[in-house]
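Observations on chain architecture
Given next are the chains, with one letter for each unit.
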Amino acid sequence: GLGPGVVIGEEIEGGRLAVSMLKISIAAAVMGLVAAQATGALERLLPGDGELQRAIRVAAAIGAALLALAAAARLLRIEEFTDATARVLRRLRPAR
């Protein structure tokens, strides 16, 4: 066999993976709830079937959902989200 050290290491990695998956699932659930609530509120605040009204509602709901995701990820200390956000921000910043 590979020895007990390998099994212990794999169990620790598996535990980290499980914790990460749980945190990401919680953050995703928060994002979904906020998106649903924002959509309902925006339909009441900006009624109508015109393309402009719908586009504004969709954009605002997406924005609210992304803010909720970012807040939840920060509160839950999701390292993967922090790393991904840093990479995106580096690409968006102009080169010096």
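Given the structure is predicted, the values throughout are model-derived calculations rather than measurements.

Rules and cut-offs
Residues numbered from 1 in each chain as written. Predicted model: local features only at pLDDT ≥ 70, side-chain atom pairs only at ≥ 80, totals over all residues. Heavy atoms only, no water. Helix = DSSP H or I, 4+ residues; strand = E, 2+ residues; numbered from the N terminus. Buried < 20%, exposed > 50% of the residue type's maximum accessible area, 1.4 Å probe, protein only. Lys, Arg positive; Asp, Glu negative; His and termini not counted. Salt bridge = Lys/Arg side-chain N within 4 Å of Asp/Glu carboxyl O. Contact = heavy atoms within 4.5 Å. Core = buried A, V, L, I, M, F, W, Y, C linked by side-chain atoms within 4.5 Å. Expected span 1.5 Å × (residues − 1). Polar contact = N/O pair within 3.5 Å; in protein donor to acceptor, adjacent residues only side chain to side chain.

Here we come to the side chain of Arg-57. Residue position: Arg-57 is located in helix 2 (residues 51–75). At 4.9 Å, Glu-43 is the nearest oppositely charged side chain to Arg-57, a buried residue that forms no salt bridge. Excluding residues that lie within four positions of it along the chain, Arg-57 makes contacts with Leu-42, Glu-43, Leu-46, Pro-47 and Gly-48.

Formed by Ala-27, Leu-69, Ala-72, Ala-73 and Ile-78, the largest nonpolar core amounts to five residues. Among the elements that take part in this core, helix 2 stands out by supplying three residues, more than any other. Apart from the residues lying within four places of it in its own chain, the contact partners of Ala-27 are Leu-69, Ala-72, Ala-73, Leu-76 and Ile-78.

Here helix 2 is 25 residues long and its end C-alpha atoms lie 36 Å apart, about the 36 Å a rise of 1.5 Å per residue gives. Burial in helix 2 covers these residues: Arg-57, Ala-61, Ala-65, Ala-68, Leu-69, Ala-72 and Ala-73.

Looking now at the side chain of Ser-20. With respect to the helices, strands and loops of the structure, Ser-20 is situated in helix 1 (residues 4–45). The buried category is assigned to Ser-20, whose relative accessible area is 19%. At 3.3 Å, the side chain of Ser-20 and the side chain of Glu-80 are in polar contact.

Bringing unusual backbone geometry into the picture now. The phi dihedral of Arg-77 falls on the positive side, at around 55°, and the residue is not glycine. Residue placement: Arg-77 occurs in the loop between helix 2 and helix 3 (79–92).

Honestly, that's just the spatial picture; any functional story needs more than this.
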